[in-house]
Amino acid sequence: MKGQVAVMEYLVLVVMTMFVIFFVVVLLFGYQFLQSGSERSKDLESHSLFVLQSMIASPVVNNPQHQKGSVLDDAKLTVMTCEDVEVLFGHGLWIRISSIYEKHDCEKYTNAIERNTCYQENADIEAIENRECTGQVYPDCGVWTFCGEERSVRMIYRSVPVNIYRKMDGMVSLATITVGVKGGES
């Protein structure tokens, strides 16, 4: 009986020692694993910011009449392709630029003809605002998408407002640029 107690004490000591060793190993390597994932995420976020800033400041898409980095040229954006974006800014990107048009409150008009005209103009603006820009529909468009097939769920996205110089109208309009950088692959 005394021998059996000594063996049980020894087994409990071994099990507890193994548990403590396992716990220390999990803490040590688990922390390093979490840190490496966090560093990867920070790298992707800084890369997305870099691509965004590079796109905004690039003379390839900026209008030369305006201050550098302040206004993108819609004609240059229309002729730009995914291959051009990949050469300039790298692979694994998704870029979308969307114009924002001012819509009017049509209910303020008391005259039915003016109200209907307002509704018609706003319907036209909405159609233009959501139309993808290609050579065939330019300048009646408001969305430029580059490398659309590259878009995936596992991307880090960053958006900022920009100005678009509408060459045909000679006007500057507000837009948003969204850049997605692929993440998640090892």
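Each remark here, short or long, concerns the structure printed above.
One structure accompanies this document, and this report is about it. (Residues numbered from 1 in each chain as written. Predicted model: local features only at pLDDT ≥ 70, side-chain atom pairs only at ≥ 80, totals over all residues. Heavy atoms only, no water.)

### Focus on the overall build of the protein chain
When you go through the protein chain residue by residue, the secondary structure sums to four helices and five strands. Along the protein chain, helices (α) and strands (β) appear in the sequence α-β-α-α-β-α-β-β-β when read from the amino end. Every one of the 186 residues in the protein chain was classed for burial, and the buried ones make up 30%. Long-range contacts, defined here as pairs at least 24 residues apart, represent 62% of the contacts in the protein chain between residues at least 6 apart. (Helix = DSSP H or I, 4+ residues; strand = E, 2+ residues; numbered from the N terminus. Buried < 20%, exposed > 50% of the residue type's maximum accessible area, 1.4 Å probe, protein only. Contact = heavy atoms within 4.5 Å.)

### A word on the pattern of salt bridges
Tallied over the full model, the rule gives two salt bridges. D73 is the salt-bridge partner of K167, the closest N and O atoms lying 3.3 Å from each other. A residue pair is termed long-range when its members are at least 10 positions apart, and K167 in the loop between strand 4 (155–166) and strand 5 (171–182) and D73 in strand 1 (residues 71–73) qualify at 94 residues. Owing to a relative accessible area of 1%, D73 belongs among the buried residues under this scheme. Across the pair R166 and D74 runs a salt bridge whose closest N-O atoms are separated by 3.4 Å. With R166 in strand 4 and D74 in helix 2 (residues 74–79), this residue pair connects regions lying 92 residues apart in the sequence. Each member of the pair, R166 as well as D74, is classed as buried. (Salt bridge = Lys/Arg side-chain N within 4 Å of Asp/Glu carboxyl O.)

### A short note on the state of the cysteines
Counting across every chain of the model gives one disulfide. Sulfur-sulfur distance for the disulfide between C82 and C147 comes to 2.0 Å. With the S-S bond torsion at 105°, the cross-link from C82 to C147 turns out right-handed. Here C82, found in helix 3 (residues 82–89), pairs with C147, found in the loop between strand 3 (143–146) and strand 4; they are 65 residues apart in sequence, far enough to count as distant. With a relative accessible area of 4%, C147 lands in the buried category. (Disulfide = S-S within 2.5 Å.)

### A few points about the environment of E83
Here E83 shows up in helix 3. Residues E83 and C147 lie 64 residues apart in sequence; the distance between their C-alpha atoms is 8.1 Å. At a separation of 3.3 Å, a polar atom in the side chain of E83 contacts the side chain of T81. (Polar contact = N/O pair within 3.5 Å; in protein donor to acceptor, adjacent residues only side chain to side chain.)

### Quick notes on the nonpolar core
When a protein is soluble and globular, its nonpolar side chains tend to lie buried together. Of all hydrophobic cores here, the largest spans 27 residues; its most connected members are M55, L77, V85, I95, I97, F146 and I177. Elements that contribute at least two residues to this core include exactly helix 1 (2–57), helix 3, strand 2 (93–100), strand 3, strand 4 and strand 5. In terms of residue count, the dominant contributor to this core is helix 1 (five residues). Excluding its chain neighbours within four sequence positions, the residues that come into contact with F146 are M55, L77, M80, T81, V85, L93, W94, I95 and I97. (Core = buried A, V, L, I, M, F, W, Y, C linked by side-chain atoms within 4.5 Å.)

### Re the pairing of strand 5
Here strand 2 pairs with strand 5 via eight bridges, running antiparallel. Bridge pairing in strand 5 places L93 opposite V181. Where strand 4 folds back onto strand 5 in an antiparallel hairpin, the turn is made up of four residues, including G170, whose phi is positive at roughly 70°. (Pairing = 2+ DSSP bridges.)

### Looking at the packing of aromatic side chains
As enumerated under the stated definition, the model contains one aromatic pair in all. Measuring from ring centre to ring centre gives 5.7 Å for W94 and Y157, while their planes differ by 85°; the resulting arrangement is edge-to-face. Here Y157 lies in strand 4 and W94 lies in strand 2, a separation of 63 residues in the sequence. Residue W94 is classed as buried on the basis of its relative accessible area of 5%. (Phe/Tyr/Trp six-rings, centres within 6.5 Å; stacked < 30°, edge-to-face > 60°.)

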